[in-house]
Amino acid sequence: MAKRTKYNIFGTEQGVFQPQALNKDGGLKYTGKHTPMFRSSYEKQCFYILERNPNVLWWKSESTAIPYHNGLDSARHNYFVDLTFGAYDKEGKIQTYLVEIKPESQAVPPVKTPRKQKKTLEIEVKRWIINRSKWNAASAYAKMHGYKFYIWTEQRMFEWVPTDN
């Protein structure tokens, strides 16, 4: 259940999510160390679906830290993946998934248009460089650990597992 919903300066819904779903052992499906915060309506929707999907065994929010370099500076950064969860895959095997949740517009390279201001395009390009660096690091991390990495958008959510097992 979500509570204390607020909106940031960009009008994006944010709030605290109170996990309630139980796993087969009677414990919470949510196994993160902190109460999950949704930073968009997409994240909130994903939390609800993970809670309700019988194929999901456990889930965490922003609990997996992956080191990366973004190419814009020489510093090492940590990327906290939006979701980490365990679920049955399409073959019925337990699989760990790492998921980043983004609007479709941020999951594709920025496009220069005649009406787009130069400053806006610069911001979008920097965000794209940083996101691609994060996602490349997450993809390598997932491969090294035998996990699957996905980027979920409003157009490409929940392609990871069947709805009934």
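Parameters and conventions
In every chain, residue numbers begin from 1 and rise along the written sequence. Only residues with pLDDT of at least 70 are given local features in this predicted model, and only at 80 or more are side-chain atom pairs given and counted; all residues enter the totals for whole chains, interfaces and linings. Note that water and hydrogens are dropped before the side-chain values are worked out from all heavy atoms of the structure. Strands qualify as paired when DSSP identifies two bridges or more between them. Note on conventions: DSSP H or I runs of at least 4 residues are helices, E runs of at least 2 residues are strands, and numbering of each starts at the N terminus. In this analysis an axis means a line fitted to C-alpha atoms, helices contributing only their contacting stretch, and an angle means the value between N-to-C directions, from 0 to 180 degrees. Contacts are residue-level and defined by heavy atoms, with any inter-residue pair within 4.5 Å sufficient. Definition used in this section: a nonpolar core is a set of buried Ala, Val, Leu, Ile, Met, Phe, Trp, Tyr and Cys residues joined via side-chain atoms within 4.5 Å. Buried residues are those whose accessible area, probed at 1.4 Å on protein chains only, stays under 20% of the maximum for their type, while exposed residues exceed 50% and partly exposed ones sit between those limits. The score called pLDDT rates the predictor's confidence residue by residue, from a low of 0 to a high of 100.

Reading across from one edge, E4-E7-E8-E9 is the order of the four strands in this open sheet, with mixed pairing throughout. Here the strands that pair on one side only, and so sit at the sheet edges, are strand E4 (56–61) and strand E9 (148–152). Within the sheet, the average angular offset between the axes of one strand and its neighbour, ignoring direction, is 25°. Pairing between E4 and strand E7 (residues 83–88): five bridges, direction antiparallel. Opposite Ser61, over in E7, you have Leu83 as the bridge partner. Along the sheet face, helix H1 (residues 41–52) touches E4, E7, strand E8 (94–101) and E9 and points at about 150° away from the line of E4. Sitting on the sheet, helix H2 (residues 118–145) is in contact with E8 and E9, with an inclination near 150° to E9.

What follows covers the nonpolar core. For soluble globular proteins, the rule of thumb is that nonpolar side chains tend to be buried together. Residues Trp59, Leu83, Phe85, Val99 and Trp152 are the most contacted members of the largest nonpolar core, which totals 16 residues. Among the secondary structure elements, those contributing two or more residues to this core are H1, E4, E7 and E8. Counting 13 residues, the second-largest nonpolar core is a separate cluster that includes Val81, Leu98, Trp135 and Ala142.

Quick look at the confidence of the model for the protein now. Confidence along the protein averages 88 in pLDDT terms, with 88% of residues attaining 70 or more. This stretch, residues 7–11, has a pLDDT under 50; its non-local contacts, to residues over four places away or in other chains, come to three contacts.

Here we come to the pairing of E7. Consecutive side chains of a regular strand alternate in pointing toward one face of the sheet and then the other. When you tally the buried positions in E7, you get six out of six residues, the bulk of the element. Residues Leu83, Phe85 and Ala87 of E7 are buried on one face, and the alternating residues Thr84, Gly86 and Tyr88, pointing to the opposite face, are buried as well. The sheet contact formed by E7 and E8 spans six bridges and is antiparallel. Bridge pairing in E8 places Ala87 opposite Gln95. The hairpin formed by E7 and E8 contains five residues between the paired strands, and Gly92 there has a positive phi angle of roughly 85°.

A few words now on the environment of Gly86. Position of Gly86 relative to the elements: it lies in strand E7. For Gly86, a relative accessible area of 0% translates into the label buried. With residues up to four places along the chain from it excluded, the contact list for Gly86 reads Asn55, Val56, Leu57, Trp58, Gln95 and Thr96.

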